[in-house]
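Structural overview
The chain contents come next:
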Amino acid sequence: MNSVKKKMLEIFDLYTKFDNMLVNKFFDFESESLLDEKIEVFTALAEGKNESEIPKFYDVLELYPKDGQIWD
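Structure report, in brief.

Calculation criteria
Residues numbered from 1 in each chain as written. Predicted model: local features only at pLDDT ≥ 70, side-chain atom pairs only at ≥ 80, totals over all residues. Heavy atoms only, no water. Helix = DSSP H or I, 4+ residues; strand = E, 2+ residues; numbered from the N terminus. Buried < 20%, exposed > 50% of the residue type's maximum accessible area, 1.4 Å probe, protein only. Contact = heavy atoms within 4.5 Å. Salt bridge = Lys/Arg side-chain N within 4 Å of Asp/Glu carboxyl O.

Focus on the environment of Glu62
For Glu62, the location among the structural elements is in the segment after α3 (35-46). With relative accessibility at 27%, the residue Glu62 sits in the partly exposed group. On a C-alpha basis, the gap between Glu62 and Phe27 in space is 6.1 Å, while along the polypeptide they are 35 residues apart. If we skip the residues at most four places from it in the chain, Glu62 touches Phe26, Asp28, Ser31, Ser33 and Lys38.

Side note on unusual backbone geometry
One non-glycine residue, Leu34, lies in positive phi territory at about 55°. Within the element layout of this structure, Leu34 appears in the loop between α2 (21-26) and α3. For Leu34, a relative accessible area of 34% gives the class partly exposed.

Focus: the pattern of salt bridges
All chains considered together, the criterion is met by four salt bridges. Asp13 is the partner of Lys17 in a salt bridge, and the nearest nitrogen-oxygen pair spans 3.3 Å. Linking Lys56 and Glu40 is a salt bridge whose minimum nitrogen-to-oxygen distance equals 3.9 Å. Within this pair, whereas Lys56 is found in the segment after α3, its partner Glu40 is found in helix α3, the two being separated by 16 residues in sequence. For Lys56, a relative accessible area of 30% puts it in the partly exposed group.

Have a look at this one:
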């Protein structure tokens, strides 16, 4: 198994250990970008930290609207 697949499996495993509305709505599970950052963020969430305590939280939400875009 290559390192990208291993990291994506680790991300999915971490995802099952927390519940976060923004991650549920705006996280792209098919993206292979920022895998190390996603692991870092998901590890912090699994440890009970909230968004404001995680510097790269919004960076890993690739589907989150950019400046000026509206979401519902």
